[in-house]
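Residue-level structural notes
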Amino acid sequence: MPAPTRPLHLAAAIDAPDQYQAAYYVELARLAERGSLDFVTLDDSLAPPAPGTGRLDALTVLSRVAPRTQRVGLVPTVTTTHTEPFHVSAGLATLDWVSRGRAGWTVRVSATEAEAGHVGRRPVAPPVALWREADEVADAVARLWDSWEDDAEIRDVATGRFVDRDKLHYVDFVGEHFSVRGPSIVPRPPQGRPVIAVDATDEAVHAFAARHADVIYIRTEDPDTARIVRRAIRQLAAGAGRDPDRLTVLASIQVQLIDPADAVRLAERIADWFRDGAADGFHIRPTAPLRDLGRLVDATVPLLQQRCLFRRFYPGDTLRDHLGLRRPSNRYARPQEASR
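Residues numbered from 1 in each chain as written. Predicted model: local features only at pLDDT ≥ 70, side-chain atom pairs only at ≥ 80, totals over all residues. Heavy atoms only, no water.

- For the chain, an unreviewed UniProt entry supplies the name LLM class flavin-dependent oxidoreductase and the organism Streptomyces silvisoli.
- Taken verbatim from the UniProt record of the chain, the Sequence similarities (unreviewed entry) comment is "Belongs to the NtaA/SnaA/DszA monooxygenase family." (UniProt positions renumbered as here; feature names shortened; annotations may be inferred.)

What follows is the structure, encoded as structure tokens:
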């Protein structure tokens, strides 16, 4: 069977409520890596957890997972509401450094009274306003990632100079909701800019997704719905001056793989949706993480590989490599350096 003209992408959630052991998340990430999945996601929220439960910070957990994995991408959810773009930028740049270029970011807004009250900084805003703010945050964060040129660090022991200050830049961002001067306190990430993802199931998120996202999740069990949303966002991206073929649209589905027949049915479903253009791949949300992810990797992935639909090894070292995305040039670099 000939290979498809575009690559199939697979990712998996490693959410584990009430799990506080780093080793557990490491085990799940290594499972995904064994199957050559593009990346794993770890959800997070500013909402207060249910009574008697707790939740670890996703960005911190994946920073712990990073040195214990080699290739799989690491994508935490980080909210843009009730937070500061400077801190978001620094945290994600740090994850990209400790993972050697495997960081991503699932963007979320905090749209409930419970979240606003829990943080206590301001009242809840309507979704349209929250995503307009998220648009500004994504812009500011990207500028902060670019605020160090790639060769800004000189580490000259003889002169005692660590950086070339001419290659650090003020971003001087002024928006409706905040202003950021910069530069960042973290050097430019290995990927230049970590991958940005967003759940665009809701139409209110489509404009943001079209402008900023590299990866888009669509939570649906219906291939026609996935196909319609994928087409709409690709059209919006083209209208925003972006190449729609650079967007990876993943159908995000919950799975429960109890017996071998479930693993086979999942492979058939993935193959059918992919070939029909409903999605560029799948974001798998396992019901029982260790069991389901293990069976995905050991049964479903080999079936897809046998059908020449999914790769058998990683194409590179970074998450951008896995997704077929080039490393972006630095907007502040001098022309001759930006063209390198």
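1. With respect to the layout of surface pockets
- In this model, the largest pocket occupies a volume close to 590 Å³.
- Taken together, 20 residues line the largest pocket, and the ones lying closest to its centre are Arg193, His212, Asp214, Arg242 and Arg320.
- Of all the secondary structure elements, the ones that give two or more residues to the lining of the largest pocket are α5 (127-145) and α6 (206-212).
- Among the elements that take part in the lining of the largest pocket, α5 stands out by supplying 4 residues, more than any other.
- In the lining of the largest pocket, the residues fall into 8 nonpolar, 2 polar and 10 charged.
- Taken as a whole, the second largest pocket encloses approximately 490 Å³ of empty space.
- Every residue lining the second largest pocket is counted, 26 residues in all, and those nearest its centre are Val107, Arg108, Trp131, Asp199 and Arg219.
- Elements supplying a minimum of two residues to the lining of the second largest pocket: β2 (39-42), β4 (104-108), α5, β9 (195-199), β10 (215-219) and β12 (281-286).
- Of the residues that constitute the lining of the second largest pocket, the class distribution is 13 nonpolar, 6 polar and 7 charged. (1 Å grid on protein atoms, 1.4 Å probe; cavity = no way out; pocket = protein on both sides within 12 Å on 5 of 7 lines; lining within 4 Å. Points joined across faces, edges and corners; volume = space filled by probe spheres on them. Helix = DSSP H or I, 4+ residues; strand = E, 2+ residues; numbered from the N terminus. Nonpolar A, V, L, I, M, F, W, Y, C, P; charged D, E, K, R; others polar.)

2. Some points on the pattern of salt bridges
- Evaluated as defined, the whole model comprises 24 salt bridges.
- We note a salt bridge from Arg132 to Glu176, for which the minimum N-O separation is 3.2 Å. Taken together, the positions of Arg132 in helix α5 and Glu176 in the loop between β7 (173-174) and β8 (179-180) put the pair 44 residues apart, joining distant regions of the chain.
- We classify Arg132 as partly exposed; its relative accessible area is 38%. (Salt bridge = Lys/Arg side-chain N within 4 Å of Asp/Glu carboxyl O. Buried < 20%, exposed > 50% of the residue type's maximum accessible area, 1.4 Å probe, protein only.)

3. Some words on the packing of helix α3 (residues 85-98) against α5
- Relative to each other, α3 and α5 sit at 55°, their axes nearing to 9 Å. On the basis of their axis angle, the class for α3 and α5 is oblique. For the pair α3 and α5, the sense of crossing is right-handed. Taking contact as the criterion, the partners of Pro85, Phe86, Val88, Ser89, Leu92 and Ala93 in α3 are, on α5, Val137, Ala140, Val141, Leu144 and Trp145.
- Residues belonging to the contact of α3 with α5 are distributed by class as follows: 10 nonpolar, 1 polar and no charged. (Axes fitted to C-alpha atoms, helices over the stretch in contact; angles between N-to-C directions. Parallel < 35°, antiparallel > 145°, perpendicular 65-115°, else oblique. Left-handed = near helix turned anticlockwise from the far one by under 90°. Contact = heavy atoms within 4.5 Å.)

4. Notes on unusual backbone geometry
- Put simply, Gly182 and Pro183 share a cis peptide bond, and its omega is 0°.
- Inspection of the secondary structure assignment puts Pro183 in the loop between β8 and β9.
- Phi is positive for Ser36, close to 60°, though the residue is something other than glycine.
- Take Ser36: it is sitting in the loop between α1 (22-34) and β2.
- A relative accessible area of 6% means that Ser36 is categorised as buried.
- In this structure, Cys308 is a non-glycine residue whose phi angle is positive, near 60°.

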